[in-house]
Amino acid sequence: MLDELLHRVSNHTPRTLETDRRFPEAAVLMPITRSDEPELLLTLRASGLSTHGGEVAFPGGRRDPEDPDLIFTALREAEEEIGLPPGLVEVIGPLSPLISLHGIKVTPYVGVIPDFVEYQANDAEIAAVFSVPLEFFRKDPREHTHRIDYQGRSWYVPSYRYGEYKIWGLTAIMIVELINLLYDAKISLHQPPKSFINT
C-alpha cells in the first residue's frame with residue numbers, strides 16, 4: 001500500500017517556482033514511517049530559536065555552500081536536528097518549493113524511514129520529535145483556516161491541532177500537497193473551505 005502511494009510521489013512533477021536566484025535555499029525532509037499505518041514525522045522547534053521558535057516543522061534547514069545538493073542538505077539537517085542517520089532514509093522525491101516569510105526558498109523532500117528509530121533531538125534546536133498518522137491529515141480535521149495573500153492570490157491554509165501540537169503555515173501547505181498527491185484528497189489551498197468565515 002505504502003509503495004503504491006510513494007510511486008505517486010516519484011512520478012510527481014512539482015510546481016516550479018520562478019524566483020530571483022538571490023533567494024537563499026533550504027530543504028526539509030518529510031519522513032514517512034514504513035508501517036501498516038504510515039505516520040509523518042515532525043519536530044517542535046525549541047522556543048529560544050531566532051526564527052520559527054516554538055513552531056512545528058519538518059527537520060531541515062539552510063543549504064551550506066559545501067552541500068552538493070538539496071537532498072544532501074535535508075539529510076544532513078535531519079541528522080543534526082534529530083539524529084536520523086542518512087542511511088536509514090529512502091528519498092522518494094521532491095514536492096513543490098515554497099518561499100518562507102523570511103525570504104528563503106524551501107524545497108521539501110519526501111523520504112521513507114523505518115518504523116522504529118531512536119531519535120536524538122538536538123536540545124539547542126528541537127524541543128520534541130513526534131509523528132502523526134497520514135490518515136489524520138487525509139480527513140482534513142482543520143481547527144481553523146488562515147487566509148494568506150501572497151503573490152497576487154489568496155491561500156487558505158489549514159491549521160491542525162494534534163494533541164498539544166499546532167501544525168500550520170508552510171508546514172501545513174507541504175502536508176496538503178503530500179496528502180492530495182497520495183490520496184487524491186482534493187484539499188484546496190485557493191478556495192475557502194465551507195467552514196471559513198471571512199473576518
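The rules behind the values
- Residues numbered from 1 in each chain as written.
- Predicted model: local features only at pLDDT ≥ 70, side-chain atom pairs only at ≥ 80, totals over all residues.
- Heavy atoms only, no water.
- Helix = DSSP H or I, 4+ residues; strand = E, 2+ residues; numbered from the N terminus.
- Rg over C-alpha atoms; globule rule 2.2 N^0.38 Å.
- Buried < 20%, exposed > 50% of the residue type's maximum accessible area, 1.4 Å probe, protein only.
- Areas by Shrake-Rupley, 256 points an atom, 1.4 Å probe, with all protein chains shown as cover.
- Lys, Arg positive; Asp, Glu negative; His and termini not counted.
- Charge placed at Lys NZ, Arg CZ, Asp CG, Glu CD.
- Core = buried A, V, L, I, M, F, W, Y, C linked by side-chain atoms within 4.5 Å.
- Contact = heavy atoms within 4.5 Å.
- Salt bridge = Lys/Arg side-chain N within 4 Å of Asp/Glu carboxyl O.
- Pairing = 2+ DSSP bridges.
- Axes fitted to C-alpha atoms, helices over the stretch in contact; angles between N-to-C directions.
- Left-handed = near helix turned anticlockwise from the far one by under 90°.
- Nonpolar A, V, L, I, M, F, W, Y, C, P; charged D, E, K, R; others polar.

### Some thoughts on the overall build of the protein chain
Turning to step 1, where the next piece is worked out: Counting its secondary structure elements, the protein chain contains four helices and 11 strands.
Turning to step 2, where the next piece is worked out: A globule of 199 residues ought to have a C-alpha radius of gyration of about 16 Å, and the protein chain, at 16 Å, matches this closely.
Turning to step 3, where the next piece is worked out: C-alpha atoms of the protein chain, sized along the principal axes, occupy 45 × 40 × 35 Å.
Turning to step 4, where the next piece is worked out: Burial statistics for the protein chain: of 199 residues in total, 47% are counted as buried.
Turning to step 5, where the next piece is worked out: Surface accessibility of the protein chain: about 10600 Å² in total, with carbon and sulfur atoms responsible for 50%.
Turning to step 6, where the next piece is worked out: Computed over 19 positive and 29 negative side-chain charges, the inter-centroid distance for the protein chain is 10 Å.

### Quick look at the nonpolar core
Turning to step 1, where the next piece is worked out: Formed by 42 residues in total, the largest nonpolar core has its most connected members in Leu40, Val110, Phe137, Ile167 and Leu178.
Turning to step 2, where the next piece is worked out: Element by element, the count of residues in this core is highest for helix H4 (residues 169-183), at 10 residues.
Turning to step 3, where the next piece is worked out: Beyond its immediate chain neighbours, meaning those up to four positions away, leucine 40 contacts Met30, Pro31, Ile32, Phe58, Phe130, Ser131, Val132, Leu134, Phe137, Ile175 and Leu178.
Turning to step 4, where the next piece is worked out: One finds Leu70, Leu84, Tyr109 and Val117 within the second-largest nonpolar core, a separate group that totals 14 residues.

### Digging into the pattern of salt bridges
Side-chain pairing between opposite charges can occur once the charged atoms of the two side chains come close.
Turning to step 1, where the next piece is worked out: For the structure shown, the criterion picks out 12 salt bridges.
Turning to step 2, where the next piece is worked out: Note that arginine 63 and glutamate 25 form a salt bridge whose closest N and O atoms lie 3.3 Å from each other. Here glutamate 25 lies in strand E1 (residues 25-33) and arginine 63 lies in the loop between strand E4 (60-62) and helix H2 (70-82), a separation of 38 residues in the sequence.
Turning to step 3, where the next piece is worked out: Residue classification places glutamate 25 among the partly exposed positions, given a relative accessible area of 27%.

### A short note on the sheet that holds strand E9 (residues 144-150)
Turning to step 1, where the next piece is worked out: If you trace the three strands from one edge of the open sheet to the other, you get E9-E10-E11, paired in antiparallel fashion. Unpaired on one side and paired on the other, E9 and strand E11 (165-167) mark the two borders of the sheet. The sheet shows a mean angle of 25 degrees between the axes of neighbouring strands, direction not considered.
Turning to step 2, where the next piece is worked out: Across seven bridges, E9 lies against strand E10 (residues 153-162) in antiparallel orientation. Bridge pairing in E10 places histidine 146 opposite valine 157.
Turning to step 3, where the next piece is worked out: Of the strands in this sheet, E10 and E11 are in contact with H4, which crosses E10 at around 95 degrees.

### Details of the environment of lysine 166
Turning to step 1, where the next piece is worked out: Within the secondary structure, lysine 166 sits in strand E11.
Turning to step 2, where the next piece is worked out: Taking relative accessible area as the criterion, lysine 166 reaches 30% and is therefore assigned partly exposed.
Turning to step 3, where the next piece is worked out: Sequence separation between lysine 166 and glutamate 143 is 23 residues, and the spatial gap between their C-alpha atoms is 9.1 Å.
Turning to step 4, where the next piece is worked out: Apart from the residues within four sequence positions on either side, lysine 166 is in contact with Val56, His144, His146, Ser159, Tyr160 and Arg161.

### Some words on unusual backbone geometry
Turning to step 1, where the next piece is worked out: For aspartate 184, which is not glycine, the phi torsion reads 50 degrees and is therefore positive.
Turning to step 2, where the next piece is worked out: With a phi close to 55 degrees, lysine 186 is a non-glycine residue in the positive phi region.
Turning to step 3, where the next piece is worked out: Among the structural elements, lysine 186 can be located in the segment after H4.

### Side note on the packing of helix H1 (residues 2-10) against H4
Turning to step 1, where the next piece is worked out: Two elements in contact, H1 and H4, have axes whose closest approach is 8 Å; the angle formed by their N-to-C orientations is 115 degrees. Both H1 and H4 take part in a crossing whose hand is right-handed. Side by side, H1 and H4 meet where Leu5, Arg8 and Val9 of the first sit next to Leu178, Leu181, Leu182 and Tyr183 of the second.
Turning to step 2, where the next piece is worked out: Among the residues forming the contact of H1 with H4, the class breakdown is six nonpolar, no polar and one charged.

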